[in-house]
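# Structural description and commentary
Residue-level listing of the chains:
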Amino acid sequence: MKNFTAIVERDTETNLYVGYVPGFAGAHSQGETLDELQENLREVIEMLLEDEEVVFKTEFVGTQQIMVP
């Protein structure tokens, strides 16, 4: 079992959740709910892993909040 971290945002124009896996080319999707997004991302990742050996050029470290006056 492999574990991936996805970044999730909500598009304010479409109200869709959009997610992607940092450093994993092609690993992105969207959904009307968080559950739908998670399932869509899982399917995309499974397809990408079947097609080729994935080489990550970056590693997810975390997020930061930047305060600007």
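Above: the structure in question.
The text that follows walks through the structure, step by step, so that each part is easy to find. (Residues numbered from 1 in each chain as written. Predicted model: local features only at pLDDT ≥ 70, side-chain atom pairs only at ≥ 80, totals over all residues. Heavy atoms only, no water.)

## Section: the nonpolar core
The tendency in soluble globular proteins is for nonpolar side chains to be buried side by side. By size, the foremost hydrophobic cluster in this structure holds seven residues: Val21, Phe24, Ala27, Val44, Ile45, Leu48 and Val54. Excluding residues within four positions of it along the chain, Phe24 makes contact with Phe4, Ile45, Leu48, Leu49, Val54 and Phe56. (Core = buried A, V, L, I, M, F, W, Y, C linked by side-chain atoms within 4.5 Å. Buried < 20%, exposed > 50% of the residue type's maximum accessible area, 1.4 Å probe, protein only. Contact = heavy atoms within 4.5 Å.)

## Some thoughts on the layout of surface pockets
Using a probe with the size of a water molecule, rolled over the atoms, empty space left in the structure can be pinpointed. In this structure, the largest pocket spans a volume of roughly 440 Å³. In terms of lining, the largest pocket is formed by 16 residues, of which the most central are Phe4, Gln38, Leu41, Arg42 and Ile45. (1 Å grid on protein atoms, 1.4 Å probe; cavity = no way out; pocket = protein on both sides within 12 Å on 5 of 7 lines; lining within 4 Å. Points joined across faces, edges and corners; volume = space filled by probe spheres on them.)

## A few points about unusual backbone geometry
For Asn15, which is not glycine, the phi dihedral falls at a positive 60°. For Asn15, the location among the structural elements is in the loop between β1 (7-10) and β2 (17-20). You can call Asn15 partly exposed: its relative accessible area is 46%. (Helix = DSSP H or I, 4+ residues; strand = E, 2+ residues; numbered from the N terminus.)

## Notes on the sheet that holds β2
Taken in spatial order, the three strands line up as β1-β2-β3 in an open sheet, and their pairing is antiparallel. The open sheet has two free edges, formed respectively by β1 and β3 (28-31), since each of these has just one partner strand. Averaged over all pairs of adjacent strands, the angle between their axes in this sheet comes to 20°, without regard to strand direction. Alignment of β2 against β3, held across four bridges, turns out to be antiparallel. Across the sheet, residue Val18 finds its bridge partner in β3, namely Gln30. Packing against the sheet, helix α1 (residues 34-51) makes contact with β1, β2 and β3, and its axis sits at approximately 150° to β3. (Pairing = 2+ DSSP bridges. Axes fitted to C-alpha atoms, helices over the stretch in contact; angles between N-to-C directions.)

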